Amino acid sequence: MSKIAICGGQKLNGEIMVQGSKNAALPILAATVLSDEECVLFNCPDLEDVRAALKIIDWLGGDTEYSKHTATISGGNIHRYKIPEELMNSMRSSVLFLGPMLAKLKRAEISYPGGCSIGLRPIDLHIKAFRQLGVTVEEIGGRIYCSAEKIKPCKVNLLFPSVGATENIMLLCALSDGETQILNAAREPEIVDLQNFLNSMGAKISGAGSETIHIIGVEKLQKVQYNIMSDRIFATTVLCAVACCGGDVILRNINPNHIELMLSMLAGAGCNIITGENYVRIRCSKRLLGLGKVMTSPYPGFPTDAQALFMSALSGAEGTTVFVENIFESRYKHVPELIKMGADIIVDGRLAAVTGCNYLQGATVEAQDLRGGAALVIAGLSAIGDTVIGGIRHIDRGYEHIEETFKGLGANIRRI
Ligand code: EPZ
């Protein structure tokens with residue numbers, strides 16, 4: 001099993017292009033099932049999870065092709081409505097195929113997408129909404145059997161602004177006859193990207209980015225060419241690395257509005273930030289300052305996906321940062337690994353109190369999940385000495401060759 005080896009302590013300087021967004025690409029890939037014609041997706045990131053989604057589309061009967069960050073999908077021949085367990089388990093977001101399969105084939109059979117190390121990841125909000133919309137759902141022995149002769153458009157009020165549930169309802173109702181409203185919808189930029197993609201195929205959806213989304217169902221969706229938005233969490237990963245290593249880096253092809261809160265937090269920690277229409281420049285030359293209390297919450301609040309990244313960057317800060325993880329129930333698996341590197345962190349339930357140490361020391365550590373693994377890369381880059389990171393399959397789910405990104409900025413990092 002390959003690992004990542006880092007000799008830390010280098011400053012990071014240069015420019016990078018931000019990769020396409022994993023969390024926008026996955027629902028958009030599921031949405032291509034809705035069209036019988038060709039969909040061409042540009043800026044589609046080269047990731048394990050994207051390959052898993054393309055495999056599911058192939059299994060359903062679609063034709064897929066991927067090269068040079070472009071995915072081409074034709075859904076005309078999609079006829080299978082059962083996704084086997086091994087494909088469901090290959091990727092958490094496989095549940096997003098439920099809506100489009102029901103919309104197109106009137107039935108779908110999947111297994112629970114399975115939890116992961118950050119939490120149980122239930123799909124009860126998806127199922128509750130689908131039942132409200134006229135879908136018959138039976139859960140037998142870990143498999144979910146759904147059928148919907150006719151979607152019954154209505155007002156769906158989400159108990160929690162779930163990203164996946166919001167996306168699945170949009171995918172179910174884009175092809176229907178009538179108006180569906182999603183109240184208490186998730187407001188993430190990836191939801192707006194999904195709305196823009198569906199509308200470019202001929203859907204009639206509005207309100208994404210706000211807490212109420214209106215969907216006027218249409219009969220057919222056309223072919224499309226679409227440019228997927230950039231990955232705001234990838235950008236945050238690079239920003240956190242520069243913040244704690246020091247240096248001067250320009251990130252191109254990123255919308256600063258999507259990471260406004262994180263940019264103001266990094267400025268508050270002592271970084272110099274300049275933004276333009278589609279770039280961010282970060283400079284940092286001194287020890288960071290602790291940020292006090294940092295609570296994760298749905299967009300536009302502080303994203304749970306950035307929690308491990310900021311914790312890593314602030315482990316060597318002057319002062320204390322107390323994280324409150326309100327979204328997932330076990331998203332501190334990176335803490336014991338950071339402690340091996342000399343971090344001073346105490347976890348009590350949803351709270352993690354970080355007291356900045358002078359510097360982190362290189363160590364042998366193990367990634368337990370995607371963003372926790374990226375946090376260990378950040379820690380290794382800033383630490384004094386050598387760090388070896390195992391479990392990098394987790395990191396490869398969401399980052400294209402993460403070692404190349406940082407090698408290009410002057411880091412001493414390689415895959416071994
Ligand atoms: C999406 O996951 C992202 N994944 C996650 O990013 C991100 O952390 C999360 O949204 C929150 O922003 C993708 O977009 C592919 P949720 P999702 O439904 O849709 C509970 C990464 O690192 N919940 O908003 O699964 C759930 O348990 C990944 O890129 C229910 O209780 O997130 C969690 O506590 C990790 N019942 C909370 O809601 C449900 O039916 C947020 O989940 C659904 C969710």
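Note that the coordinates shown come from a computational prediction; the quantities given were computed from them, not determined experimentally. (Residues numbered from 1 in each chain as written. Predicted model: local features only at pLDDT ≥ 70, side-chain atom pairs only at ≥ 80, totals over all residues. Heavy atoms only, no water.)

Here we take up the overall build of the protein. When its secondary structure is counted, the protein shows 14 helices and 23 strands. What you see for the protein is a C-alpha radius of gyration of 21 Å, in line with the 22 Å of a compact globule of 416 residues. C-alpha atoms of the protein, sized along the principal axes, occupy 65 × 40 × 40 Å. Look at the contacts in the protein between residues 6 or more apart in sequence, and 71% of them connect residues 24 or more apart. Surface summary for the protein: the accessible area is close to 16,000 Å², and the carbon and sulfur share equals 51%. (Helix = DSSP H or I, 4+ residues; strand = E, 2+ residues; numbered from the N terminus. Rg over C-alpha atoms; globule rule 2.2 N^0.38 Å. Contact = heavy atoms within 4.5 Å. Areas by Shrake-Rupley, 256 points an atom, 1.4 Å probe, with all protein chains shown as cover.)

This next bit is on the packing of helix 8 (residues 232-245) against helix 12 (residues 370-382). Contact geometry for helix 8 and helix 12: axes closest at 9 Å, N-to-C directions at 25°. When the axes of helix 8 and helix 12 are compared, the pair comes out roughly parallel. As for how helix 8 packs across helix 12, the hand of that crossing is right-handed. Residues Ile 233, Thr 237, Cys 240, Ala 241, Cys 244 and Cys 245 of helix 8 form the contact with helix 12, whose participating residues are Arg 371, Ala 374, Ile 378, Leu 381 and Ser 382. Among the residues forming the contact of helix 8 with helix 12, the class breakdown is 8 nonpolar, 2 polar and 1 charged. (Axes fitted to C-alpha atoms, helices over the stretch in contact; angles between N-to-C directions. Parallel < 35°, antiparallel > 145°, perpendicular 65-115°, else oblique. Left-handed = near helix turned anticlockwise from the far one by under 90°. Nonpolar A, V, L, I, M, F, W, Y, C, P; charged D, E, K, R; others polar.)

One finds Leu 29, Phe 97 and Leu 198 to be the most contacted residues of the largest nonpolar core, which totals 77 residues. If near-sequence neighbours (up to four positions away) are discounted, Leu 29 is found in contact with Leu 41, Val 50, Ala 53, Leu 54, Ile 57, Ala 71, Ile 73 and Phe 97. Counting 69 residues, the second-largest nonpolar core is a separate cluster that includes Ala 243, Met 341, Ile 392 and Ile 395. (Core = buried A, V, L, I, M, F, W, Y, C linked by side-chain atoms within 4.5 Å. Buried < 20%, exposed > 50% of the residue type's maximum accessible area, 1.4 Å probe, protein only.)

Moving on: the sheet that holds strand 20 (residues 351-355). Read from one edge to the other, the open sheet built from 4 strands follows the order 17-18-20-19, with strand pairing classed as mixed. What marks the edges here is a single partner per strand, and that holds for strand 17 (292-295) and strand 19 (344-348). Averaged over all pairs of adjacent strands, the angle between their axes in this sheet comes to 20°, without regard to strand direction. Bridge count between strand 18 (residues 320-324) and strand 20: 5 bridges; the pairing is antiparallel. Paired with Thr 320 across the bridge in strand 20 is Thr 355. (Pairing = 2+ DSSP bridges.)

Let's shift gears to the pattern of salt bridges. According to the stated counting rule, one finds 17 salt bridges in the structure shown. The residue Arg 397 makes a salt bridge to Asp 49 at a minimum N-O spacing of 2.9 Å. Placement of the pair is Arg 397 in the loop between helix 13 (392-396) and helix 14 (402-407) and Asp 49 in helix 2 (residues 48-60), with a sequence separation of 348 residues. We classify Arg 397 as partly exposed; its relative accessible area is 26%. Using a relative accessible area of 2% as the deciding quantity, one classes Asp 49 as buried. In this structure, the salt-bridge partner of Arg 331 is Asp 305, at a minimum N-O distance of 2.7 Å. (Salt bridge = Lys/Arg side-chain N within 4 Å of Asp/Glu carboxyl O.)

Helix length check: helix 7 (residues 189-200), at 12 residues, gives a terminal C-alpha distance of 17 Å against a target of 16 Å (1.5 Å per residue), a fit within 8%. Looking only at helix 7, the buried set comprises Pro 189, Glu 190, Ile 191, Asp 193, Leu 194, Gln 195, Phe 197 and Leu 198. (Expected span 1.5 Å × (residues − 1).)

The full count for this structure, using the stated rule, is 3 aromatic pairs. Residues Phe 234 and Tyr 399 carry aromatic rings whose centres are separated by 6.1 Å and whose planes lie at 40° to one another, so their mutual orientation is tilted. In this pair, Phe 234 is assigned in helix 8 and Tyr 399 in the loop between helix 13 and helix 14, connecting sequence segments 165 residues apart. Its relative accessible area of 4% is what places Phe 234 among the buried residues. Between Phe 302 and Phe 310 the ring centres are 5.2 Å apart and the planes differ by 90°, which places this aromatic pair in the edge-to-face class. Across the ring face of Trp 59, the terminal group of Arg 80 is positioned such that the distance to the ring centre comes to 4.1 Å. Its end group placed over the ring of Tyr 279, Arg 252 keeps NZ or CZ at 5.6 Å from the ring centre. (Phe/Tyr/Trp six-rings, centres within 6.5 Å; stacked < 30°, edge-to-face > 60°. Lys NZ or Arg CZ within 6 Å of the ring centre and 35° of its normal.)

Across the sheet, 4 strands lie side by side as 2-14-16-15; this open sheet has mixed pairing. The strands lining the two open edges of the sheet, one partner per strand, are strand 2 (12-17) and strand 15 (272-276). The sheet shows a mean angle of 10° between the axes of neighbouring strands, taken without regard to direction. As paired strands, strand 14 (residues 247-252) and strand 16 (residues 279-284) are joined by 6 bridges and run antiparallel to one another. Of the residues in strand 16, the one forming a bridge with Arg 252 is Tyr 279. Where helix 8 meets the sheet, it contacts strand 2, strand 14 and strand 16, and its direction lies at approximately 170° from that of strand 14. Each of strand 15 and strand 16 touches helix 9 (residues 260-268); the most contacted strand, strand 15, lies at about 150° to it.

We now examine the domain arrangement of the protein. Note: interface size is frequently given as the accessible area lost on complex formation between the parts. Annotation of the protein at the domain level lists domain 1 (4-19 + 230-415) and domain 2 (22-227). Placing the centre of domain 1 and that of domain 2 at their C-alpha centroids yields a distance of 30 Å. Counting residues at the interface gives 26 residues for domain 1, matched by 20 residues for domain 2. Counting each side, the surface lost to burial between domain 1 and domain 2 is near 1,900 Å², with a carbon and sulfur contribution of 50%. It is Tyr 299, Arg 397 and Glu 400 in domain 1 that bury the most area against domain 2; as a group they hold 31% of the surface buried on that side. At the surface where domain 1 touches domain 2, the tally comes to 2 salt bridges. Inspection of the domain 1/domain 2 interface yields 12 residue pairs in polar contact (both at pLDDT 80 or more). Here the side of domain 1 that touches domain 2 is built from residues that sort into 7 nonpolar, 8 polar and 11 charged. (Domains from an automatic or database assignment. Buried area = accessible area lost by both parts, 1.4 Å probe. Polar contact = N/O pair within 3.5 Å; in protein donor to acceptor, adjacent residues only side chain to side chain.)

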